[in-house]
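The residues making up each chain are set out below.
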Amino acid sequence: AATCPHVPTMGKGGNKTPAATAEEKLSGDCWDANKLSKEDEWIGKLDHEAFRKDVQDLGKKLAEQQGPADVAHLHKIVMWSRFCSYFGAATCWIPMLPVQLMSVFLMSCGTMSRWTIIGHHVCHGGFDKVDTTKRYNRFTFAVGSVTKRAKDWLDWMLVEAWNMEHNQLHHYHLGETTDPDLVEHNLAPLRGWPLPMFAKYLAVVWMACTWKWWYYAPNTYKQLKVNKLRREGHQISEEEAAVPCTIDLSFLIGGCQFFGPMEFFWKVLGPYFFVRFMLTPLPFLAFDVAVGGNGVYAKTAMYSLVFAEILTNIHSFIIIATNHAGDDLYRFNCHCTPRSCTFFLRQVISSVNYPLGTDLCDFMHGWLNYQIEHHLWPDLSMLSYQKA
């Protein structure tokens, strides 16, 4: 997309600088464009109401086709995910490099898939109408207690917070500044730092290795607290709500304006840290002591768990950040009515799909390679996305 003079290239519409004169202003240059650019002319030719009807009709057709096959497919993916987690954990203590690498990879995939495939689609309600056992229901899955969270989906993020941040704010504010997952907006400070480019790339590498606990857990919890405070009558501006919350020195000392560090570490990060890095290594420590391993097996298990955590952060960063990043994607400076023709159009032109079609390929993508379909119909199953 063309950009305003002296403004870094960003997503289409992301450069808010108004044109200097009242002359013809093309879309992609500024928010106040008065004419579609050549590459955007298709928007003026699109029958928007027909497009909306087509999207709604296809979504309804896919929903009506869901049934036992979708539940069976979910159970298959759950089995794959559990195999990765359990077999990876069962072999993480073996001090042989090939076994360690396999263990790290499997545990990483198990953590990733429990979030991006199982938790993601269940918490959107993809199985509410077809799972008669109510085991995979959005209103009960991993919410309500630490026990439920540990049983269904234990990760760095509090599930209730993720449901608020992702299901509501991200999906219904896609491409807007109020979208908490808008990578372009969240990384604006990094782009503005007076650092050489290689240093900025190193910063991105750090983010990729740590982002789930360093950024995503505190930011989702912040959005949950903001929503709660607003419902109680507190006035919180969109600017305050849109500021990313990360763990830095000031956070460790005083938290953020909506919650303290002790509350956050106890309620959000604590359960996952305890289970993953304290409870899981215990059997291997006991085995090490019993056989006189001099700490070799316990250390190997801990190394494997740490590297698996780093790898699952990198894996999820790659498959998630790229879903809505790119200078050919559209940005928006105003909100639109949910499920309107404009809303559906935004889901298409501000989302990215990747190679798809087989369960193994989709599993490694975390089923996020169907990003357009998912944003059009977020409450469908994984199998329905393949059909779509």
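This structure is a prediction, so every number in the text was calculated from the model and none was measured.

Attention shifts here to the packing of aromatic side chains. This model, assessed by the stated rule, comprises 25 aromatic pairs. Plain terms: the ring middles of Trp-156 and Phe-277 are 6.3 Å apart, the flat faces sit at 25 degrees to each other, and that makes the pair stacked. One end of the pair, Trp-156, is in the loop between α5 (146–152) and α6 (159–172); the other, Phe-277, is in helix α12 (residues 261–279), and 121 residues separate them in sequence. In this structure Phe-277 comes out as buried when scored by relative accessible area, which is 14%. Note on Trp-211 and Tyr-216: the rings are 5.2 Å apart at their centroids and 40 degrees apart in plane angle, and the pair reads as tilted. Just as Trp-211 is buried, Tyr-216 falls in that class too. Ring-pair connections join several aromatic residues into one group, and the members of that group are Trp-115, Trp-211, Tyr-215, Tyr-216 and Phe-317. Just above the ring of Tyr-136 sits the side chain of Arg-135; from NZ or CZ to the centre is 4.8 Å.

In terms of nonpolar packing, the biggest core is built from 75 residues, with Phe-141, Trp-153 and Phe-264 touching the most fellow members. Among residues more than four places away in sequence, those in contact with Trp-153 are Arg-114, Trp-115, Gly-119, Cys-123, Phe-141, Ala-142, Lys-148, Val-159 and Trp-162.

All right, on to the environment of Ala-286 then. Relative to the helices and strands, Ala-286 is located in helix α13 (residues 282–291). C-alpha of Ala-286 to C-alpha of Val-296: the two residues are 10 residues apart in sequence and 12 Å apart in space.

Turning our attention to the packing of α6 against helix α9 (residues 197–231). Two numbers describe a pair of packed helices, the interaxial angle and the distance between the axes. Running from N to C, α6 and α9 cross one another at 80 degrees; their axes reach a closest spacing of 8 Å. Comparing the axis directions of α6 and α9 gives the class roughly perpendicular. Residues Glu-160, Ala-161, Trp-162, Met-164, Glu-165, His-166 and Leu-169 of α6 lie in contact with α9, whose contacting residues are Tyr-216, Asn-219, Thr-220, Tyr-221, Gln-223, Leu-224 and Asn-227. Grouping the amino acids of the contact of α6 with α9 by side-chain chemistry returns 7 nonpolar, 5 polar and 2 charged.

Rules used throughout
- Residues numbered from 1 in each chain as written.
- Predicted model: local features only at pLDDT ≥ 70, side-chain atom pairs only at ≥ 80, totals over all residues.
- Heavy atoms only, no water.
- Phe/Tyr/Trp six-rings, centres within 6.5 Å; stacked < 30°, edge-to-face > 60°.
- Helix = DSSP H or I, 4+ residues; strand = E, 2+ residues; numbered from the N terminus.
- Buried < 20%, exposed > 50% of the residue type's maximum accessible area, 1.4 Å probe, protein only.
- Lys NZ or Arg CZ within 6 Å of the ring centre and 35° of its normal.
- Core = buried A, V, L, I, M, F, W, Y, C linked by side-chain atoms within 4.5 Å.
- Contact = heavy atoms within 4.5 Å.
- Axes fitted to C-alpha atoms, helices over the stretch in contact; angles between N-to-C directions.
- Parallel < 35°, antiparallel > 145°, perpendicular 65-115°, else oblique.
- Nonpolar A, V, L, I, M, F, W, Y, C, P; charged D, E, K, R; others polar.

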